[in-house]
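Structural description and commentary
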Amino acid sequence: MCQYYANADPILYESRTRTLRIEGVLTTIRLENFVWETISKMAEAEGSSTNELISTLHREVHSYRGECPNFASFLRVTALRYLALEASKGKAEPESTNSSVT
């Protein structure tokens, strides 16, 4: 099993910093290349740019939660949840779900 992870291209887990404007404020976000790629796919699926999607996510999480103390981690989890949903398409829905992880 370790081979699966150990053989991953190091570029995927290398971090990249991007500066973008969220709510009129220049913001710097540092994420792994794989996360940036996933967010880019999410944006494409939504018909928006990566920056537009991140701004929308920022607005929505603040509207829903009131604050987001670690927005970079929120983006990582959002990307993972997107990949999990994509992987489960076409599979039968589980009989019950745990609302704390959905």
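Note: the structure precedes this text.
The sections below set out a description of the structure shown in this document.

Here's the deal with the overall build of the protein chain
Broken down by element type, the protein chain carries five helices and two strands. Reading the secondary structure of the protein chain in the N-to-C direction produces α-α-β-β-α-α-α. Within the span of the protein chain, comprising 102 residues, buried residues form 25% of the whole. Sequence separation of 24 or more characterises 38% of the internal contacts of the protein chain that already satisfy a separation of 6 or more. Carbon together with sulfur atoms contributes 52% to the accessible area of the protein chain, which is approximately 7700 Å² in total.

Digging into the side chain of H58
For H58, the position within the fold is in helix α4 (residues 50–65). The class for H58 is buried, based on a relative accessible area of 18%.

As for the packing of aromatic side chains
Each pair of aromatic rings is reported with the distance of its centres and the angle of its planes. Counted under the stated rule, the structure contains one aromatic pair. On the basis of an interplanar angle of 20° and a centroid distance of 5.7 Å, the ring pair of F71 and F74 is categorised as stacked. Pair noted here: F71 and F74 are both in helix α5 (residues 71–88), with a separation of three residues, about one helical turn. Classification of F74 by relative accessible area gives partly exposed; the value is 24%.

Things to note about the packing of α4 against α5
Where α4 meets α5, the closest approach of the two axes is 11 Å, and the angle between their N-to-C directions is 110°. As judged from the angle between their axes, α4 and α5 are roughly perpendicular. Mapping the contact onto sequence places I54, L57, H58 and V61 in α4 and F71, F74, L75 and T78 in α5. Partitioned by chemical class, the residues of the contact of α4 with α5 number six nonpolar, two polar and no charged.

Notes on the nonpolar core
One finds I29, L31, I39, I54, F71 and L75 to be the most contacted residues of the largest nonpolar core, which totals 19 residues. Listing elements by their share of this core, those giving two or more residues are β1 (15–22), β2 (25–32), α3 (33–46), α4 and α5. Ignoring anything within four residues of it in the chain, the contact list for I29 reads R16, T17, R18, L20, I22, W36, I54, F71, A72 and L75.

Focus on α3
Helix length check: α3 (14 residues) gives 20 Å between terminal C-alpha atoms against 20 Å at 1.5 Å per residue, within 8%. All buried positions along α3 are accounted for by N33, V35, W36, T38, I39, M42 and A43. In this fold, the buried residues of α3 make contact with α2 (10–13), β1, β2, α4 and α5. Downstream of α3 by a residue or two, G47 has a phi angle that is positive, lying close to 75°.

Parameters at a glance
- Residues numbered from 1 in each chain as written.
- Predicted model: local features only at pLDDT ≥ 70, side-chain atom pairs only at ≥ 80, totals over all residues.
- Heavy atoms only, no water.
- Helix = DSSP H or I, 4+ residues; strand = E, 2+ residues; numbered from the N terminus.
- Buried < 20%, exposed > 50% of the residue type's maximum accessible area, 1.4 Å probe, protein only.
- Contact = heavy atoms within 4.5 Å.
- Areas by Shrake-Rupley, 256 points an atom, 1.4 Å probe, with all protein chains shown as cover.
- Phe/Tyr/Trp six-rings, centres within 6.5 Å; stacked < 30°, edge-to-face > 60°.
- Axes fitted to C-alpha atoms, helices over the stretch in contact; angles between N-to-C directions.
- Parallel < 35°, antiparallel > 145°, perpendicular 65-115°, else oblique.
- Nonpolar A, V, L, I, M, F, W, Y, C, P; charged D, E, K, R; others polar.
- Core = buried A, V, L, I, M, F, W, Y, C linked by side-chain atoms within 4.5 Å.
- Expected span 1.5 Å × (residues − 1).

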